[in-house]
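One letter stands for each residue in the lines below.
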Amino acid sequence: MEQTDISWLIGGPQGSGVESGANIFSRACAAMGYEIFGKREFYSNIKGEHSYFVVRVSNNVIRSNINDVTMMAAFDAETIFRHADEVIKNGAIIYDSDLATTKVDEVHNMDLNYKQRLLKHLDSKNKPHTIQGLLDVAQERGVNLYPISFRNVLSTMADEVNNPRLKGMVRMFNVLSVSFSLGVFGMPPETLLNSVDIIFAKKQAIADLNKKTANYAYNYAAAKFPNFTYRLKPIEKKSGNILIQGYQGTALGKMVCGCRFQPYYPITPASDESVYLESNELLDVKENRPGSTVVVQTEDEISAMGMTIGSALTGTRSATCTSGPGFSLMAETLGWAGINEVPVVITLYQRSGPSTGLPTRHGQDDLMFAIYAGHGEFPKMVYASGDIEESFYDTGRCFNYADIYQVPVIHMMDKFLASSVVTCKRFESDKITINRGKLLDKIEGDYKRFEFVPDGISPRSKLGLENGIFWNTGDESDEHGHISEDPEIRIKKMDKRHSKLEHMLKTIPTEEQAISYGISDYCIMSWGSTKGPILDAIDMLKKENINVGFIQIKLLHPFPTDYIKSLLKNVKTIIDIEANQTGQLGLLLTQNLEKSPDYYILKYTGRAMTSTELYDSLKSIIANKAEKRQVLTHGA
Amino acid sequence: MALKLGDYKTEVHNDWCPGCGDFGIVNAIQMALSEMQIPRHQAAIFSGIGCSGKTSHFINVYGVHTLHGRVLTFAQGAKIANPDMTIIAAGGDGDGLGIGVGHFIAAGRRNLDLTYIIFNNGVYGLTKGQASPTLRLGEKTKSLPSPNTNYNVNPIGLAITSGFTFIARGYAYDVRHLKDLIIAAVRHKGLAFLDVLQPCPTYNDINTRDWYSGMDGMTESQKQHSRIYKLEDTGYDPVVHYDSETEFNEKLTQALIKSLEWDTKIPTGVFYKNEIISQYENRIIDKIPNYLENPPAAQVVSSNNKPTTDISKILDSMSV
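Quantities reported herein were computed from a predicted structural model and do not represent experimental measurements.

The rules behind each value
Residues numbered from 1 in each chain as written. Chains lettered and ligands numbered in written order. Predicted model: local features only at pLDDT ≥ 70, side-chain atom pairs only at ≥ 80, totals over all residues. Helix = DSSP H or I, 4+ residues; strand = E, 2+ residues; numbered from the N terminus. Rg over C-alpha atoms; globule rule 2.2 N^0.38 Å. Buried ≥ 20, exposed ≤ 12 C-beta atoms within 10 Å, placed from the backbone. Contact = placed C-beta atoms within 7 Å. Pairing = 2+ DSSP bridges. Domains from an automatic or database assignment. Nonpolar A, V, L, I, M, F, W, Y, C, P; charged D, E, K, R; others polar. Axes fitted to C-alpha atoms, helices over the stretch in contact; angles between N-to-C directions. Parallel < 35°, antiparallel > 145°, perpendicular 65-115°, else oblique. Left-handed = near helix turned anticlockwise from the far one by under 90°. pLDDT = per-residue confidence, 0-100.

Chemist: Could you clarify how one ought to interpret the overall build of chain A in this entry?
Modeler: The helix and strand inventory of chain A stands at 21 helices and 24 strands. For chain A, whose C-alpha radius of gyration is 27 Å, the value lies close to the compact-globule estimate of 26 Å for 636 residues. A total of 636 residues make up chain A; the buried ones form 57% of that total. Residue pairs at least 24 apart in sequence account for 75% of intrachain contacts in chain A once pairs closer than 6 positions are excluded.

This is the structure:
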């Protein structure tokens, strides 16, 4: 079979439909049988700043972006200025020819630092400080330039279809860009039109106009630029694939595993999950009356955490979803859940900190914070998903862990996962098991909520249950839950709570603690969303007969020391890969394994790792030419 | 079998200072629960932090002693998940009007069917008498190094402008009247706020029991004249009777004006009552029609440990 692996980039001002353009493209490619991996990058801004989407399309399983761009569709000047150099030889730049004379200085959204770098670059190539200058550089490298006047196309079309409204309709630029692209790729036009139909299904009023425009633009570009090297033809379709947006994984997991209450406070990139849950609040339930998820937008994250706990006390599976700044506010309340042994799940979509940091960008900065969040000492669990498919099933696990061990569970996700669009295997709800642990439905006789029992986990009553009255308090308390400052009780209660950490390690199956993707002399240790780029980079190395092992740690707290030690027995070189500055997993390894990583590959630009840059970095390590600490930088 | 007052009491030792107004409030809550015959397992007391925070330990129903300022967040979460529970939230004035005032306002806007009681004594007792948000500007209670530099919060006024739909004030030493107010608050359909004047005998040497009862102004020629009076004794009508802007504004305004009375005449009783504004529960029903029949806490989510929620329609729409 012919191998296809292309990367398509669409860019424009925020708020101009870059995302729906990318969705049309992704849908169309997925419908043709391809695997998709797409990622959105955007500023903390509503309208105007540079936003772009890179969609990788392949007939093989893909789990990451690569550096090379096969085709770029730019409908504003900044996209060209930012990305023209990423397009490969024989690749293509489809752009609005009306922009060719735009000068670097005229693009006000670009920051000065970048402008200076760009001017230096153009000067070094002896080119004018314009779009055309940069495009000339690309053309000299062998990039195909496909100029189209977006306005002229709209104008001609307006006359032909007798719809003067179309003239100068800037918000059609996204549909134009994607349709031109499909035309140049030679994709079947019906895939485009079907995809437009699906994406605009809820906006019937504009769907028709978009379809007409798409059709017109497709034909225009297909006729004008018929000879592009890369073609996308329908291939045999794998059955049972879905095309899914990152944040939907945990949301669907919550629906299936029975989370019925989620309060939240708006924050990027976490709130998409809550909004999606609310949009699907009515639930179909087999052999029972319809269910529902109550989603409440609260006044702040403190309230979100407080409400989550209040609801959990009624026996309801309850969660909240937030990002770093919001999680900071939840810390005190999290401790309350800890001392009162309340099962709650906090889905933590990390972004770049500290403080507001890079609010719309990726990061894995909060591992240590999640582990240590809250004052005082109390047990909790920190669990990380590596990709969107995992996040669905892991959500089910997190709720089980919370119920079984009666602890708060922090489910680590991040911006990279949240804003990726991927094809993956259709989720199978039957693979999720629901285990409510020692939650009681009936109580007779005396009841003590915090009864001292051998495994440290007391049977749990819930508000409203007859004979199950209990007291909770943030103070230290006795078995009933009444305040106690007795030193003996204090020791017993502290030990009871902390014994759960050991209990978790003994009872959680090792395959849920960490995943080993093969062990070799060189072994990558990582956690969370780096999984995709790592696996893709390992595949690239394999083609050169270079074997690199990889252990993905999912259970980060309590740390599965024994299991990881057993996996690392024959490993000579440990490479720690993380999207943060300090190598937080590396610290954990040092702390728990008495063994530090030999190399660190870190990225903290706020942009996710590409498999290309990881591959390069790993190769230099294996060639023994690498510094101990490598910092990745790719991406605008 | 009828539940007796004693059934609502725990054996937990009460360590409040002798003479503390808090005793009256706890007694009134227990009396109200007993009079309403609310089954013990169907009631929960949520409390904040401070002396008042211990309230939940003294009452023999579900008791959740939460965090400083956050009592309403916990209480609302529980109420939304299990709307069958009778929930009373209790906390101090520093708790609810200082650190937790954001939640106070947000709770008012929601108007869930629960009762919130503030133990209002003008000081932070458990941390040795700092000024609370209700202490008046320039007043110097005995452990303050210098007079209070902040203007006071008007709890009744704040509740009015935040959307609470039942607003009343009680006095900790008039336990029977307070008990009646608590019953009215619990029976009210919507969020009820009860501001309870609660002398702190240890740290508030201004608003003392004697001060409230007018003993401080008594000269030999004067008879004792209590500062506290009951709105219901004056023919005051707090109820919003029909759905009109004029009626709303009139009842809100008269309550606001009454809330400003202090110093020589301090009103107690019901300031405002509005059951025309929808409860939060009904706002959920607008989106989730079977919410009350099948609230979060009652939902069956699994059968033989396997999920029963069916997301196949959503997955179908994602299929490629």
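Chemist: I would appreciate a short explanation of the pairing of strand 16 (residues 420-425) of chain A in the present structure.
Modeler: One face of the sheet, then the other: side chains in a regular strand alternate in exactly this way. All names here are of chain A. Within strand 16, five of the six residues are buried, which leaves it mostly tucked inside the rest of the structure. The pairing of strand 7 (residues 241-245) with strand 16 spans five bridges and is classified as antiparallel. Within strand 16, the position partnered with Ile242 by the bridge is Cys424.

Chemist: Help me understand the domain arrangement of chain A, please; the structure alone is not making it clear to me.
Modeler: A common way to express how large an interface is: the accessible area buried when the components associate. Residue and element names in this part refer to chain A. Segmentation of chain A into domains returns domain 1 (5-224), domain 2 (244-431), domain 3 (438-508) and domain 4 (511-631). Of note, the centres of domain 3 and domain 4, computed from C-alpha atoms alone, are 39 Å apart. Contact with domain 3, which involves four residues of that partner, is made by five residues of domain 4. For the side of domain 3 that touches domain 4, the per-class residue count stands at four nonpolar, no polar and no charged.

Chemist: I keep staring at the sheet that holds strand 20 (residues 549-553) of chain A and nothing clicks. Help me out?
Modeler: Strand pairs in the sheet, formed through backbone hydrogen bonds, run parallel or antiparallel to each other. Residue and element names in this part refer to chain A. Spatially, 18-20-19-22-23-24 is the arrangement adopted by the six strands of the open sheet, whose pairing is mixed. The two strands at the open ends of the sheet, each matched to only one other strand, are strand 18 (514-516) and strand 24 (629-631). Mean inter-strand twist for the sheet, computed between neighbouring axes without regard to direction, equals 20°. By the bridge criterion, three bridges tie strand 23 (residues 599-602) to strand 24 in an arrangement that is parallel. Bridge pairing in strand 24 links Ile601 to Gln630.

Chemist: Would you take a moment to explain the packing of helix 1 (residues 22-36) of chain B against helix 7 (residues 175-187) of chain B for this structure?
Modeler: To characterise two packed helices, one gives the angle between the axes of the helices and the distance between these axes. Residue and element names in this part refer to chain B. Between helix 1 and helix 7, the least distance of the axes is 8 Å, while the angle of their chain directions is 55°. Taken together, the axes of helix 1 and helix 7 are oblique relative to one another. The element helix 1 and its partner helix 7 pack so that their crossing is right-handed. The residues of helix 7 that touch helix 1, namely those facing Gly24, Ile25, Asn27, Ala28, Ile29, Met31, Ala32, Glu35 and Met36, are Val175, Leu178, Lys179, Ile182, Ile183 and Val186. Split by residue class, the contact of helix 1 with helix 7 holds eleven nonpolar, two polar and two charged.

Chemist: What's the story with the interface of chain A and chain B in this structure? I'm lost.
Modeler: Each partner contributes to the interface: chain A provides 70 residues, whereas chain B provides 55 residues. Considering every element that reaches the side of chain A that touches chain B, the biggest residue donor is helix 11 (residues 301-312) of chain A, with eight residues. Here the residues of the side of chain A that touches chain B sort into 31 nonpolar, 26 polar and 13 charged. One ladder, built from two bridges, connects strand 9 (residues 282-285) of chain A with strand 13 (residues 309-310) of chain B; its direction is antiparallel.

Chemist: It is not clear to me how the confidence of the model for chain B should be interpreted in this structure. Could you clarify?
Modeler: Low pLDDT marks stretches whose predicted atomic positions should not be read closely. Scored by pLDDT, chain B comes out at a mean of 96, with 98% of its residues at no less than 70. Here the complex is predicted with pTM 0.97, and the ipTM for its interfaces comes to 0.98.

Chemist: Sorry if this is basic, but what is going on with the environment of B:Ala2 here?
Modeler: Topologically, B:Ala2 is positioned in the segment before helix 1. Once the C-alpha coordinates of B:Ala2 and B:Ile38 are considered, the two residues, 36 residues apart in sequence, prove to be 10.0 Å apart.

Chemist: Help me understand the environment of B:Thr66, please; the structure alone is not making it clear to me.
Modeler: Following the sequence through the fold, B:Thr66 ends up in the loop between strand 2 (62-65) and helix 3 (71-81). Under the C-beta neighbour-count criterion, B:Thr66 is labelled buried, with 30 such atoms within 10 Å. Residues B:Thr66 and B:Pro289 lie 223 residues apart in sequence; the distance between their C-alpha atoms is 32 Å. Beyond its immediate chain neighbours, meaning those up to four positions away, B:Thr66 contacts A:Trp336, A:Gly474, B:Phe46, B:Ser47, B:Gly48, B:Val71 and B:Phe74.

Chemist: How should I be thinking about the pairing of strand 19 (residues 522-526) of chain A in this particular structure?
Modeler: Residues and elements named next belong to chain A. Here strand 19 lies mainly inside the structure; five of its five residues are buried. Burial along strand 19 is two-sided: Tyr522, Ile524 and Ser526 and Cys523 and Met525, pointing in opposite directions, are all buried. Relative to strand 22 (residues 573-578), strand 19 runs parallel, the two being bridged by five bridges. Looking across to strand 22, one finds that Cys523 is bridged to Ile574.

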